[in-house]
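Chain and residue survey
So you can see what is in the structure, the chains are spelled out below.
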Amino acid sequence: MTRSSEARGPSATPGTRAPASTRERIIREALRLFAERGYSATSVAEIEAASGLSPGAGGLYRHFRSKYELLAAAINEHAARTRTQVAESLAALGDMEDSVDVEARLSRLCRAGLAKVGEESELTRVFFRDLSQFPELVAVVREGLLQPMFDAFTTWFRTQPEYTGADADWNGVAAVLGGAVVQYRLFQETVGDSPGHVDKDRFVAAWVRLAAGLLPSRAPVS
């Protein structure tokens, strides 16, 4: 059996992004509604209407067996996307190694982390409001979204030539510095302001200074 033209969506022209499929629209609009209203307060009919389907006609069930399966699909797809994005970011940062000084690379690393956490603002709201009732989905967020970021910080520090010989527990460093990046954005999302009213540029500058402090000291040139 072939999928309908509605599910596939129109073909993309070269150089343009393919239009979202019906399934993608459902996931996108469901996550938005869950973030705004809460999982329990959002009905299937509301998700269908927001996705361009006839509300109450059952179009959502052609793609997902239940509202829970839709939530789980959204979280799993965000986790898969995160793994891809982390790998791509590490590759891009690796390409900078020979041409950019370590402080600039640290700044890029920090800003990439902030951007990634900020990108998941809707999922963050769903996480804090609703996921305590779904421990299996909490595990997906932990292992599929957060852990890849911490692993990326660990990998980055271990592979930078300037940090060769540094006496550091890189997993611990990633927990502290990566945790600071996550906390900064989560604080903004949940409180509505940055920690200590410190703007992003000041946060990044302080983060870079702390990270640069881990560089092994060099003997003075005689």
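Everything quoted here is computed from the prediction, not taken from an experiment.

The next subject is the packing of helix H5 (residues 102-119) against helix H7 (residues 135-159). Close contact between H5 and H7 brings their axes to 12 Å; oriented N to C, the two are set at 175°. The orientation of H5 with respect to H7, classified from their angle, is roughly antiparallel. Judged by residue contacts, Val102, Arg105, Leu106, Leu109, Gly113, Lys116 and Val117 of H5 engage Met149, Phe153, Trp156 and Phe157 from H7. Residue composition of the contact of H5 with H7, grouped by class: eight nonpolar, one polar and two charged.

This part is about the pattern of salt bridges. Counted under the stated rule, the structure contains 14 salt bridges. Of the charged contacts in the structure, one is a salt bridge between glutamate 29 and arginine 32, with a shortest N-O distance of 2.7 Å. Linking glutamate 29 with arginine 32, this pair stays in helix H2 (residues 22-37), spanning three residues, or about one helical turn. Of the charged contacts in the structure, one is a salt bridge between arginine 32 and glutamate 36, with a shortest N-O distance of 3.3 Å. In this pair, arginine 32 and glutamate 36 are both assigned in helix H2, four residues apart and thus about one turn of the helix distant. One network of salt bridges, in which partners are shared, links Arg28, Glu29, Arg32 and Glu36.

Quick look at empty space enclosed by the protein now. Evaluation of the coordinates by the stated rule reveals one cavity of 30 Å³ or more. Considering only enclosed or pocket space, the largest cavity measures out at about 40 Å³ in volume. In terms of lining, the largest cavity is formed by Val117, Gly118, Ser121, Thr124, Arg185, Leu186 and Glu189. Listed by contribution, the elements that provide at least two residues to the lining of the largest cavity are H5, helix H6 (121-130) and helix H8 (170-191). No other element matches the three residues that H8 contributes to the lining of the largest cavity.

Among the nonpolar cores identified, the biggest contains 28 residues, and Ile47, Leu70, Leu71, Ile75 and Leu131 are the most heavily contacted of them. Of all the elements in the fold, those that place two or more residues in this core are H2, helix H3 (44-50), helix H4 (67-95), H6 and H7. Every residue in contact with isoleucine 75, bar those within four places of it in the chain, is listed here: Leu123, Leu131, Leu137, Val140, Val141 and Leu145. In terms of nonpolar packing, the next biggest core, distinct from the first, is built from 24 residues, Leu109, Phe157, Ala166 and Leu177 among them.

One full turn of an α-helix is made of 3.6 residues, so residues set three or four places apart face in the same direction. An ideal rise of 1.5 Å per residue puts 36 Å on 25 residues; H7 measures up with 34 Å between its terminal C-alpha atoms. A maximum bend of about 40° is found in H7 at glutamine 147, where proline proline 148 lies one to four positions downstream. Taken together, the buried positions of H7 are Leu137, Val140, Val141, Gly144, Leu145, Pro148, Met149, Ala152, Phe153, Thr154, Trp156 and Phe157. Its buried side turned inward, H7 meets H4, H5, H6, H8 and helix H9 (200-212).

Parameters at a glance
- Residues numbered from 1 in each chain as written.
- Predicted model: local features only at pLDDT ≥ 70, side-chain atom pairs only at ≥ 80, totals over all residues.
- Heavy atoms only, no water.
- Axes fitted to C-alpha atoms, helices over the stretch in contact; angles between N-to-C directions.
- Helix = DSSP H or I, 4+ residues; strand = E, 2+ residues; numbered from the N terminus.
- Parallel < 35°, antiparallel > 145°, perpendicular 65-115°, else oblique.
- Contact = heavy atoms within 4.5 Å.
- Nonpolar A, V, L, I, M, F, W, Y, C, P; charged D, E, K, R; others polar.
- Salt bridge = Lys/Arg side-chain N within 4 Å of Asp/Glu carboxyl O.
- 1 Å grid on protein atoms, 1.4 Å probe; cavity = no way out; pocket = protein on both sides within 12 Å on 5 of 7 lines; lining within 4 Å.
- Points joined across faces, edges and corners; volume = space filled by probe spheres on them.
- Core = buried A, V, L, I, M, F, W, Y, C linked by side-chain atoms within 4.5 Å.
- Buried < 20%, exposed > 50% of the residue type's maximum accessible area, 1.4 Å probe, protein only.
- Expected span 1.5 Å × (residues − 1).
- Bend = angle between axes of the 7 residues up to and from the residue.

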